[in-house]
Amino acid sequence: MKSFSIIIVTWNALEHLKNYLPSVTETDYPDFEIIIADNASTDGSKDWVKSTYPEIKIASFDQNYGYCGGNNRAVPFAEKDILLFLNNDVKVEKNWLKGINDIFEKDEKMAAVQPKMRAVEQPEYFEYAGAAGGFMDKYGYTFCRGRIFDEVERDEGQYDDSPNLFWASGAALAIRKDLFIESGGFDEDFEFHMEEIDLCWRLQNQGYKIGYAPESLVYHLGGGSLPMGSPRKVYYNFRNSLFMLWKNYSSASLRKRFLLRLILDVIAAYKALLSGKSKEWWAVTRAHIHFAKGFLSVNHKRKELQAKRTISHDPNTMMNISLIWQHFAKGVKRFREL
């Protein structure tokens, strides 16, 4: 069986730790450790963990490095086979690691795995950030089995199989430590949002697989660091999507699809403006400005990554559809209808 290092990044989130960490400590599995990656919290988080759970490791940092930076800096503290990046607002079932282990054991090319994710506040429904596993359309729009845009499905066992995914949610992402280190970890230029999708795409371009463990169940609160609909979230969504597409698209897709994606973004921005959402319009505009300003850096990353890829085409898990067309023109609301 694989061994797991569960890494929980936190910053001034003592209440989340009090509410959710107990379930993680009660995990029923023979070989795991918990590491709290503390991004310079000032709310007593470290003292509470030390006094309540002295067996937990604490990686203390000098400032708030966010999700990407905090997780990257915590990895040297990990001693197990599999890194499991877990948000501080996730509650787990006791046997959750077994199903994840089983998926890794079945296939040596399996690089990363996510559990089934339901919502804390509506536990019979899938959770927005991961649901039953992530996918992406040919223009870079992401969605999940169980969630398309804001349409979230009730879990009725409809996604209890184990297909290969395009991406696994960063709220509960298990990944082989050796591959995480070899790949360079999370791209810290992303800061927040989509960094796990970028990582999963990079791994697939090198011939590895992303898996889903339906028997492993966790419950995610979500929306803590970047609330749904906030201009800041919109900004990171659009900017990081452009970063990710330019870095990872195959040469053929970059030529055929990137310009159209830019046009779709412009349409989305002006649709927001005409709807009276000027802050959202500015968020999309600012994302494109910053992509242009950082183009030389992201293009350098592209050249390095393309030299490492072992497949010339896009991963087979990228769905050859336009999610915008399927959802807004054809009215598709569920993954099974795609």
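None of these values were measured; they are calculated from a predicted model.

## Side note on the overall build of the protein chain
Moving on, step 1. The number of helices and strands found in the protein chain is 11 helices and 13 strands.
Moving on, step 2. Against the globule reference of 20 Å for 338 residues, the protein chain gives a C-alpha radius of gyration of 19 Å, in line with a compact fold.
Moving on, step 3. Viewed in the frame of its principal axes, the protein chain has a C-alpha envelope of about 55 × 40 × 40 Å.
Moving on, step 4. The buried share of the protein chain, taken over its 338 residues, is 55%.
Moving on, step 5. For the protein chain, restricting intrachain contacts to residue pairs at least 6 apart in sequence, the fraction spanning at least 24 positions comes to 77%.
Moving on, step 6. One way to put it: in the protein chain the 44 positive side-chain charges average out to a point 7 Å from where the 44 negative ones average out.

## Some remarks on the packing of aromatic side chains
Moving on, step 1. Counted by the stated rule, this structure contains 25 aromatic pairs.
Moving on, step 2. Here phenylalanine 61 and tyrosine 65 contribute two aromatic rings whose centre-to-centre distance is 6.2 Å and whose plane-to-plane angle is 80 degrees, an arrangement assigned as edge-to-face.
Moving on, step 3. By relative accessible area, phenylalanine 61 is classed as buried at 12%.
Moving on, step 4. Taken together, a centroid distance of 6.0 Å and an interplanar angle of 85 degrees make the contact between tyrosine 159 and phenylalanine 335 edge-to-face. Of the two residues, tyrosine 159 sits in the loop between strand E10 (151-152) and strand E11 (172-176) while phenylalanine 335 sits in the segment after helix H11 (323-329), which places them 176 residues apart along the sequence. Note on accessibility: tyrosine 159 and phenylalanine 335 belong to one class, buried.
Moving on, step 5. An aromatic cluster of at least three residues, connected via ring pairs, comprises Phe190, Phe243, Trp246, Phe258, Phe291 and Phe295.
Moving on, step 6. Stacked on the ring of tyrosine 65, the Lys or Arg arginine 73 has its end atom at 3.9 Å from the ring centre.

## Things to note about the pairing of strand E2 (residues 32-38)
Moving on, step 1. In terms of residue burial, E2 counts as a mostly covered element, since six of its seven residues are buried.
Moving on, step 2. As paired elements, strand E1 (residues 4-10) and E2 share seven bridges and run parallel to each other. Pairing of phenylalanine 4 across the sheet is with phenylalanine 32, part of E2.
Moving on, step 3. Regarding topology, helix H1 (residues 14-25) serves as the crossover connection from E1 to the parallel E2, and that connection is right-handed.
Moving on, step 4. Examined bridge by bridge, E2 and strand E3 (residues 57-60) share four bridges and lie parallel to one another. In the strand pairing of E3, isoleucine 35 is matched with lysine 57.
Moving on, step 5. The β-α-β motif built from E2, the intervening helix H2 (residues 45-52) and the parallel element E3 has right-handed crossover chirality.

What counts and what doesn't
Residues numbered from 1 in each chain as written. Predicted model: local features only at pLDDT ≥ 70, side-chain atom pairs only at ≥ 80, totals over all residues. Heavy atoms only, no water. Helix = DSSP H or I, 4+ residues; strand = E, 2+ residues; numbered from the N terminus. Rg over C-alpha atoms; globule rule 2.2 N^0.38 Å. Buried < 20%, exposed > 50% of the residue type's maximum accessible area, 1.4 Å probe, protein only. Contact = heavy atoms within 4.5 Å. Lys, Arg positive; Asp, Glu negative; His and termini not counted. Charge placed at Lys NZ, Arg CZ, Asp CG, Glu CD. Phe/Tyr/Trp six-rings, centres within 6.5 Å; stacked < 30°, edge-to-face > 60°. Lys NZ or Arg CZ within 6 Å of the ring centre and 35° of its normal. Pairing = 2+ DSSP bridges. Right-handed = clockwise from strand over helix to strand, strands pointing away.

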